[in-house]
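Fold and contact review
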Amino acid sequence: EKENLMISSNVIRPTFERIAHYVRQLNFLGPVSRGYEKILLAGRNKQPRAMKNIDSDVQRLVTHLKQKVGATWAVAGQPLDQNGSVLVVPPRTRGPWKSVEDATKTDAFSDWVRSHLES
């Protein structure tokens, strides 16, 4: 009813084209958007937060990496000895290629393949 009242009071000699033009100019979602913003922002702090100064943390990280990895690309690019490192996990089982290699070293595997081919 409010929309009809607005159209009849604002559209002179209403025709379909004039009503459609008037309705296209209305902002139907504006009040809804402002209401949602008010609800979503109600619990927020009014003052903007200040960012923490991270320069000291970055400098500590850079110092640590220079000590562990190296200060230059030439030093950092050298392969490291990783024996005994906790980062390198030794394999728990042999690779499947090793099992196949061991099986093919004996005549049992070739006998098994030959028996299947002959049958």
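What comes next is a walk through the structure. (Residues numbered from 1 in each chain as written. Predicted model: local features only at pLDDT ≥ 70, side-chain atom pairs only at ≥ 80, totals over all residues. Heavy atoms only, no water.)

Details of a nonpolar patch on the surface
Judged by side-chain polarity, Phe28, Leu29, Val32, Tyr36, Ile39, Leu40 and Leu41 come together as a nonpolar surface patch covering roughly 790 Å² of accessible area. Here Phe28 lies in the loop between helix 2 (16-25) and helix 3 (29-40). (Patch = residues over 30% accessible without salt bridge, like charges linked within 9 Å, V, L, I, M, F, W, Y side chains within 5 Å. Areas by Shrake-Rupley, 256 points an atom, 1.4 Å probe, with all protein chains shown as cover. Salt bridge = Lys/Arg side-chain N within 4 Å of Asp/Glu carboxyl O. Helix = DSSP H or I, 4+ residues; strand = E, 2+ residues; numbered from the N terminus.)

Quick look at the packing of helix 1 (residues 2-10) against helix 2
Where helix 1 meets helix 2, the axes come as close as 11 Å, and the angle between the chain directions of the two elements is 115°. The hand of the helix 1/helix 2 crossing is right-handed. Within the contact between the two elements, helix 1 uses Glu3, Met6, Ile7 and Asn10 and helix 2 uses Ile19, Tyr22 and Val23. Considered class by class, the residues forming the contact of helix 1 with helix 2 number five nonpolar, one polar and one charged. (Axes fitted to C-alpha atoms, helices over the stretch in contact; angles between N-to-C directions. Left-handed = near helix turned anticlockwise from the far one by under 90°. Contact = heavy atoms within 4.5 Å. Nonpolar A, V, L, I, M, F, W, Y, C, P; charged D, E, K, R; others polar.)

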